[in-house]
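Listed below are the residues making up each chain.
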Amino acid sequence: MHTLTDLLPWILALPPALWEIWRARKAYGWALGGIAGVIVFGGIVLWAEVAIGTAPQLDMRFGLAGAAQALCLLVGPQAVAVWIAPKSSLAAGIFAGVAAGFCLFLLTAVIGLAVHGA
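Residues numbered from 1 in each chain as written. Predicted model: local features only at pLDDT ≥ 70, side-chain atom pairs only at ≥ 80, totals over all residues. Heavy atoms only, no water.

1. As for the packing of aromatic side chains
Inspection of every chain in the model, using the stated rule, returns one aromatic pair. Between Trp 10 and Phe 41, the aromatic rings sit 5.3 Å apart at their centres with planes inclined by 55°, giving tilted as the arrangement. Placement of the pair is Trp 10 in helix α1 (residues 4-28) and Phe 41 in helix α2 (residues 30-54), with a sequence separation of 31 residues. Directly above the ring of Trp 22 sits Arg 25, whose terminal nitrogen or CZ lies 4.2 Å from the centroid. (Phe/Tyr/Trp six-rings, centres within 6.5 Å; stacked < 30°, edge-to-face > 60°. Helix = DSSP H or I, 4+ residues; strand = E, 2+ residues; numbered from the N terminus. Lys NZ or Arg CZ within 6 Å of the ring centre and 35° of its normal.)

Quick look at the structure:
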């Protein structure tokens, strides 16, 4: 049985993905519109799952490094997506946001390993 928390990423990702399919379909056709919609849907679902998973790290029992990592993963991808999307498309912004989020995760993980050890 799924709870609302399990379905929330899917519910949040569907409207932007459908919007991107409709917008990209007019400019590039159904095939590229579908690919753009899949990128948007997958990126938003991935971000929402990571945000739900890292939100408990915001309390201080994980220390400052855990809180910094969670905040970077919550804010970083959206900031990059908002910066890139007006210049190109929502799919490009989401793709860049996922890449930036992965880089921020690696950066904070390496810093955490350097501070706390393995």
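There's more to say after this.
2. Some remarks on the nonpolar core
Ala 13, Ala 17, Ala 24, Ala 36, Val 40, Phe 41, Ile 44, Val 45, Ala 91 and Ile 94 form the largest nonpolar core, which has ten residues in total. At the level of elements, α1, α2 and α4 (90-116) are the ones that each hand at least two residues to this core. The greatest single-element share of this core, amounting to five residues, is contributed by α2. Not counting residues within four places of it along the chain, the set of residues in contact with Ile 44 comprises Leu 12, Ala 13, Pro 16 and Ile 94. (Core = buried A, V, L, I, M, F, W, Y, C linked by side-chain atoms within 4.5 Å. Buried < 20%, exposed > 50% of the residue type's maximum accessible area, 1.4 Å probe, protein only. Contact = heavy atoms within 4.5 Å.)

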